[in-house]
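The residues making up each chain are set out below.
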Amino acid sequence: MTAVPNIFSSDPTVTKEIVLLLTQDGLCPRCVLRFLGAGDVGLFRATSEELAQKVKSLVDDQDDIFSPLPCPACLGILQVYLEEGFLNRVVEAVRTSDHQFKNFICSLTTPVCSLLREHAILLLLKEKFKSLYEHREVEEISSVKDVWKWRSGPLLAAALDAPFELKSKFDIILNFTYEKSDKECTFLSYHSPEVFRKRKQQRSYGDTYTRANVARVLSKMTEGYFKRNYSLPKSNETNVCLCEDIRCVHDAVFVAGRYNKYSRTLSQTPWILDGGRKSESSVEEEICGPLKKKFLFTEQRFSSSGREDVDVRMLGKGRPFVVEMADPHRVRLTPEDLAEIQQEINKSADVKVRDLQIVEKNDINKLKEGEIEKTKTYSALCWSKEPLSQEQLQKLQEVKDLVIYQKTPIRVLHRRPLATRERVVYSMSAEKVDDLHFTLNLLTQAGTYIKEFVHGDFGRTTPNIGTLTGVECDILELDVQSVELDWPPSLGDT
């Protein structure tokens, strides 16, 4: 009898009885070894034929102990889906996806009913071999997913010429489905209707039977109730799952930089109202268009350190931003490639970027950190109903650390909750342009509504320039001169 390392039983006679019981129920060689307690990776990397011989040796090489039908425990996943034909399908799906990747992982979704089947097998073993399995849990049994990966990982790695890793940014996703899975789970709803009723009524919750809620119910169910209402399906031709969905996904890549906007008619993000565009383009589109040509991503998410209105220019060193590019097909871009993308973006007359670089996901937290604590400087062309004297302008310059209170501006009430926000104007200065116009320079706390600070927004912002000067004022043009956030790192762009 050939020994199998690290199995639950050290008694050959007991091991033989377990093998015969499991093969009687139609389990395949790999599943027999799983429930024996085998967890050696090298063992499971053997071929199906080699493993069949290994198991047969445990029962004195008896012939025909394995059913030619699909295994009821793994639903064929450790049989037909570890054969050369299927693995070739996986390789072809990866090549067709046309992704660049350094290494890969595989993620498997298996039918939820497999939880019931493994639970049933373990209860059977506890009943027949109480002393050996009484305190065993399903978690101690090597999972179908792990065993599949142990065998297929090296084979796929050789075919794809890339290492199979425990962690990777490139994921080959295999979705195994079984049409009768929900039907097998139906009895759970009678046992714990409160768990499944809500999910069934609210379709947005997804599938009624999920691995999490099925596992939770099984953990609370008595053995008696389970045995009365469920029995392990016998092997038959239809007792096999399908895998028609093989997808490849690369983790998002993040590109950061700073942008300048020189147009007073360009929105930061696509401006669509009632299904129609209000502007031909946007800062996001001007930046993401050239990025998509190189990275070939499927979706984008544009984020920035604050935002300016359509009619406000972003000057100085620009506003920090980051683009999250979902499922990029091209990831091996060099700093020189990014420099070319930057040059392409900068052909735009309205938008220019600098410091374009790839950053890690954790780095983007810096974009939102200190959102209220950081400062911004502005320059505004303002109008006054009456000429302002030099003394009035000088009075503005003497104001320091002015606390103002701003109710949500009328112009943004449709998208912002009504609230009164406390903000600080740290300093300001004013220069006369002519009798009724002046330039106002401001250093403020981030999040300050500058337009409302100038015209008062019908008294919703107090104090304001009108109350400070005693003259009604309004704003004609506004420029952001700087966003005081030292991120992303400067690359020395000019």
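All of the points below concern the structure found in this document. (Residues numbered from 1 in each chain as written. Predicted model: local features only at pLDDT ≥ 70, side-chain atom pairs only at ≥ 80, totals over all residues. Heavy atoms only, no water.)

1. Side note on the overall build of the chain
- In terms of regular secondary structure, the chain is built from 18 helices and 15 strands.
- The globule rule puts the C-alpha radius of gyration for 494 residues at 23 Å, and the 33 Å found for the chain is more than 25% above it.
- Here the analysis covers contacts within the chain between residues at least 6 apart in sequence; of these, 77% occur between residues at least 24 apart.
- Just so you have it, the chain exposes about 25000 Å², and 48% of that area is on carbon and sulfur atoms.
- In the chain, 68 side chains carry a positive charge and 73 a negative one; their mean positions are 4 Å apart. (Helix = DSSP H or I, 4+ residues; strand = E, 2+ residues; numbered from the N terminus. Rg over C-alpha atoms; globule rule 2.2 N^0.38 Å. Contact = heavy atoms within 4.5 Å. Areas by Shrake-Rupley, 256 points an atom, 1.4 Å probe, with all protein chains shown as cover. Lys, Arg positive; Asp, Glu negative; His and termini not counted. Charge placed at Lys NZ, Arg CZ, Asp CG, Glu CD.)

2. Here we look at the sheet that holds strand β2 (residues 170–177)
- Taken together, three strands build an open sheet; the order of strands is β1-β2-β3 and the sheet is mixed. The sheet terminates laterally at β1 (105–109) and β3 (242–250), the two strands that pair on one side only. On average, each strand axis in the sheet is tilted by 20° relative to the strand beside it, whichever way the strands run.
- As judged from the five bridges shared by β1 and β2, these two strands associate in the parallel manner. Bridge pairing links Cys106 to Ile172 in β2.
- Contacting β1 and β2, helix α8 (residues 144–160) runs over the sheet at an angle of about 140° to β1. (Pairing = 2+ DSSP bridges. Axes fitted to C-alpha atoms, helices over the stretch in contact; angles between N-to-C directions.)

3. Points about the pattern of salt bridges
- Evaluation of the coordinates by the stated rule reveals 23 salt bridges.
- Arg264 is the salt-bridge partner of Glu477, the closest N and O atoms lying 3.7 Å from each other. Here Glu477 is found in strand β15 (residues 473–483), whereas its partner Arg264 is found in the loop between β4 (253–261) and β5 (272–273), with 213 residues between them in sequence.
- Glu477 sits in the partly exposed class, given a relative accessible area of 38%.
- Among the salt bridges present, the one from Arg313 reaches Asp479, with a minimum N-O distance of 2.8 Å. Here Arg313 is found in strand β8 (residues 312–326), whereas its partner Asp479 is found in strand β15, with 166 residues between them in sequence. (Salt bridge = Lys/Arg side-chain N within 4 Å of Asp/Glu carboxyl O. Buried < 20%, exposed > 50% of the residue type's maximum accessible area, 1.4 Å probe, protein only.)

4. Describing the packing of helix α5 (residues 84–97) against α8
- Direction vectors running N to C along α5 and α8 enclose 50°, while the axes themselves pass 10 Å from each other. Comparing the axis directions of α5 and α8 gives the class oblique. Viewed along their axes, α5 and α8 form a crossing whose handedness is right-handed. Counting all contacts with α5, which are made through Phe86, Leu87, Val90, Val91, Val94 and Arg95, the residues of α8 involved are Trp148, Ser152, Leu155, Leu156, Ala159 and Leu160. (Parallel < 35°, antiparallel > 145°, perpendicular 65-115°, else oblique. Left-handed = near helix turned anticlockwise from the far one by under 90°.)

5. Quick notes on the nonpolar core
- Formed by 86 residues in total, the largest nonpolar core has its most connected members in Leu78, Phe86, Phe104, Trp148, Ile172, Leu174 and Leu188.
- Tallying contributions element by element places helix α6 (residues 113–128) first for this core, with eight residues.
- The contact partners of Ile172, leaving out residues within four places of it in the chain, are Val90, Val94, Phe104, Ile105, Cys106, Ser107, Leu160, Ile246 and Arg247.
- Formed by 57 residues, the second largest nonpolar core is a distinct cluster that contains Val253, Phe297, Phe438 and Val483. (Core = buried A, V, L, I, M, F, W, Y, C linked by side-chain atoms within 4.5 Å.)

6. As for empty space enclosed by the protein
- According to the stated counting rule, one finds one cavity of 30 Å³ or more in the structure shown.
- Every residue lining the largest cavity is listed: Ser384, Leu388, Leu393, Lys432, Asp434, Asp435, Leu436, His437 and Phe438.
- Elements with a minimum of two residues in the lining of the largest cavity: β12 (420–434) and β13 (437–445).
- Split by residue class, the lining of the largest cavity holds four nonpolar, two polar and three charged. (1 Å grid on protein atoms, 1.4 Å probe; cavity = no way out; pocket = protein on both sides within 12 Å on 5 of 7 lines; lining within 4 Å. Points joined across faces, edges and corners; volume = space filled by probe spheres on them. Nonpolar A, V, L, I, M, F, W, Y, C, P; charged D, E, K, R; others polar.)

7. Quick word on helix α14 (residues 335–345)
- Of all the residues in α14, the buried ones are Leu338, Ile341, Gln342 and Ile345. Projected down its long axis, α14 shows its buried positions confined to an angular sector of 100°, all on one face. Seen from the buried face of α14, the exposed residues on the opposite side, beyond 90 degrees, are Glu336 and Gln343.
- Tucked inside the fold, the buried residues of α14 contact β4, α13 (283–295) and β9 (351–359). (Arc of directions from axis to C-beta.)

8. Observations concerning the pairing of β8
- Taken together, the eight bridges between β4 and β8 define a ladder with antiparallel strand orientation. In the sheet register, Arg258 faces β8, and the bridge partner there is Pro320.
- As judged from the three bridges shared by β8 and β15, these two strands associate in the parallel manner. By the bridge assignment, Met314 is partnered in β15 with Val480.

9. Details of a nonpolar patch on the surface
- The grouping of Ile410, Leu413, Leu418 and Phe458 at the surface amounts to a nonpolar patch, some 480 Å² of accessible area in total.
- Considering the arrangement of structural elements, one finds Leu418 in the loop between β11 (400–407) and β12.
- For Leu418, a relative accessible area of 64% corresponds to the exposed category. (Patch = residues over 30% accessible without salt bridge, like charges linked within 9 Å, V, L, I, M, F, W, Y side chains within 5 Å.)

10. Re the packing of aromatic side chains
- Taken as a whole and judged by the stated rule, the model has 14 aromatic pairs.
- Seen in terms of ring centroids, Phe101 and Phe170 are 4.2 Å apart; in terms of plane orientation they differ by 10°. Their pairing is stacked. Here Phe170 lies in strand β2 and Phe101 lies in the loop between α5 and β1, a separation of 69 residues in the sequence. Exposure class is identical for Phe101 and Phe170. Each is buried.
- A ring pair is formed by Phe302 and Phe321, whose centres lie 5.7 Å apart and whose planes are at 15°; its orientation type is stacked. Taken together, the positions of Phe302 in strand β7 (residues 299–304) and Phe321 in strand β8 put the pair 19 residues apart, joining distant regions of the chain. As far as the burial class goes, Phe302 and Phe321 line up, both buried. (Phe/Tyr/Trp six-rings, centres within 6.5 Å; stacked < 30°, edge-to-face > 60°.)

11. Considerations on the side chain of Thr461
- Mapped onto the fold, Thr461 is located in strand β14 (residues 461–462).
- With a relative accessible area of 0%, Thr461 lands in the buried category.
- In contact with Thr461, not counting residues within four places along its chain, are Ile404, Tyr405, Gln406, Glu452, Phe453 and Gly456.

12. Some points on the packing of α6 against helix α11 (residues 211–220)
- Viewed as axis vectors pointing N to C, α6 and α11 meet at an angle of 25°, and their least axial separation amounts to 9 Å. Regarding the angle of α6 to α11, the classification is roughly parallel. Note that α6 runs across α11; the crossing there is right-handed. Side by side, α6 and α11 meet where Ser114, Leu115, Leu116 and His119 of the first sit next to Arg211, Val214, Ala215 and Leu218 of the second.
- Residues of the contact of α6 with α11, tallied by class, amount to five nonpolar, two polar and one charged.

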